Amino acid sequence: MYFPLRRNISSIIVNKPPFKLLNTTFKPFFEIYFGNSNILSYTNKSGFFDQTKIFANEADRICITDSDFNLPICGDLTIKLYNNKLMSTKKIGRIAFNTAFINEESNILIFKVREIDPDVLQITPGIPKEFEFIIKFTKDCECSNKFYDFNLCEKCAKFLDKEVIDWKEINKTIEVFLFLFNYFNRSFLMKKNIFMKM
Ligand SMILES: [Zn+2]
């Protein structure tokens, strides 16, 4: 079991975007949803004319976030990517993950075609095999996501307040259970001893 890590998203990258998106003007933007909610927490969507244009010759690997992007996150997260069009928006893909699964050393998560919604992407012609979303993270402490290594810094403890309380509750319940178990076990043995002596 792993703990959700407190991290900052530093970049959202699309590797090998489908050519059909690039035929027209490509103006990608992202939406981020925290927890399991449908309430939009963060987006870089702007008006069609203000949205940054990506040219086809840059299309190998596209970074959708600004160079100074640094969004604090923790726990469950959904990221949706779209192409901003003049009259509408076109979905590029959607990914969902928990920060507990971020590799602590590399601080990167890579989502292959089969891990990106909608599933129809896998069989859609013109979707390159190398099409993937790459999310990069930064950290400002050395806390671990392994719960047995339970020694959180002040910032993480605050962010993880609920999880920490839940974890302590579980621990307390186990302690009470062990205490009662030992107590009854001992008194049972004592009675048994008395009975045998009689
Ligand atoms: Zn920490």
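Predicted model only: the values in this text are computed from it and were never measured.

A few points about unusual backbone geometry
The linkage connecting D117 with the following residue, P118, adopts the cis geometry, with an omega of -5 degrees. Among the secondary structure elements, P118 is positioned in the loop between β8 (108–111) and β9 (132–138). Even without being glycine, K16 reaches a positive phi, approximately 50 degrees. Residue classification places K16 among the partly exposed residues on the basis of 16 C-beta atoms within 10 Å. Positioned with a positive phi, N107 is a non-glycine residue whose angle comes to about 55 degrees. Take N107: it is sitting in the loop between β7 (89–98) and β8. Residue N107 is classed as partly exposed on the basis of its 16 C-beta neighbours within 10 Å.

Focus: the pairing of strand β1 (residues 6–15)
Successive side chains on a regular strand alternate, one facing one side of the sheet and the next facing the other. Two strands pair when backbone bridges link them, and β1 and strand β5 (residues 71–74) are joined in this way by four bridges, in the antiparallel orientation. By the bridge assignment for β5, I9 is matched with L71. Bridge count for β1 against β9 is seven bridges, and the pairing is antiparallel. The partner of I13 across the bridge, within β9, is I134. Two strands pair when backbone bridges link them, and β1 and strand β4 (residues 61–63) are joined in this way by three bridges, in the antiparallel orientation. Residue pairing for β4: V14 is matched across the bridge by I62.

Some details on the sheet that holds strand β2 (residues 28–34)
The strand order across the open sheet formed by four strands is β3-β2-β6-β7, and the pairing between neighbours is antiparallel. At either end of the open sheet lies a strand with only one pairing partner, and these are β3 (40–43) and β7. Strand-to-strand twist across the sheet, computed as the mean angle between neighbouring axes with direction ignored, equals 20 degrees. For β2 and β3, the ladder comprises three bridges, and the chain directions are antiparallel. Paired with I32 across the bridge in β3 is Y42.

Thoughts on the nonpolar core
Considering soluble globular proteins, one finds that nonpolar side chains tend to be buried as a cluster. In terms of nonpolar packing, the biggest core is built from 26 residues, with I12, F30, I64 and L81 touching the most fellow members. Elements that contribute at least two residues to this core include exactly β1, β2, β6 (76–84) and β9. Examining the composition of this core, we find that four residues originate from one element, β6, more than from any other. Excluding residues within four positions of it along the chain, I64 makes contact with I12, V14, P28, F29, F30 and L81.

Points about the confidence of the model for the protein
Summary statistics for the protein give a mean pLDDT of 81 and a share of 75% for residues scoring 70 or more. By mean pLDDT, the top-scoring element of the protein is β9 (96), and the lowest-scoring one is helix α3 (residues 161–197) (60).

Examining the pairing of β7
Note that β6 and β7 share nine bridges and pair antiparallel. Looking across to β7, one finds that D76 is bridged to N98. With antiparallel pairing between neighbouring strands as the criterion, β6 and β7 make up a hairpin whose turn holds four residues.

Analysis parameters
Residues numbered from 1 in each chain as written. Predicted model: local features only at pLDDT ≥ 70, side-chain atom pairs only at ≥ 80, totals over all residues. Helix = DSSP H or I, 4+ residues; strand = E, 2+ residues; numbered from the N terminus. Buried ≥ 20, exposed ≤ 12 C-beta atoms within 10 Å, placed from the backbone. Pairing = 2+ DSSP bridges. Axes fitted to C-alpha atoms, helices over the stretch in contact; angles between N-to-C directions. Core = buried A, V, L, I, M, F, W, Y, C linked by C-beta atoms within 7 Å. Contact = placed C-beta atoms within 7 Å. pLDDT = per-residue confidence, 0-100.

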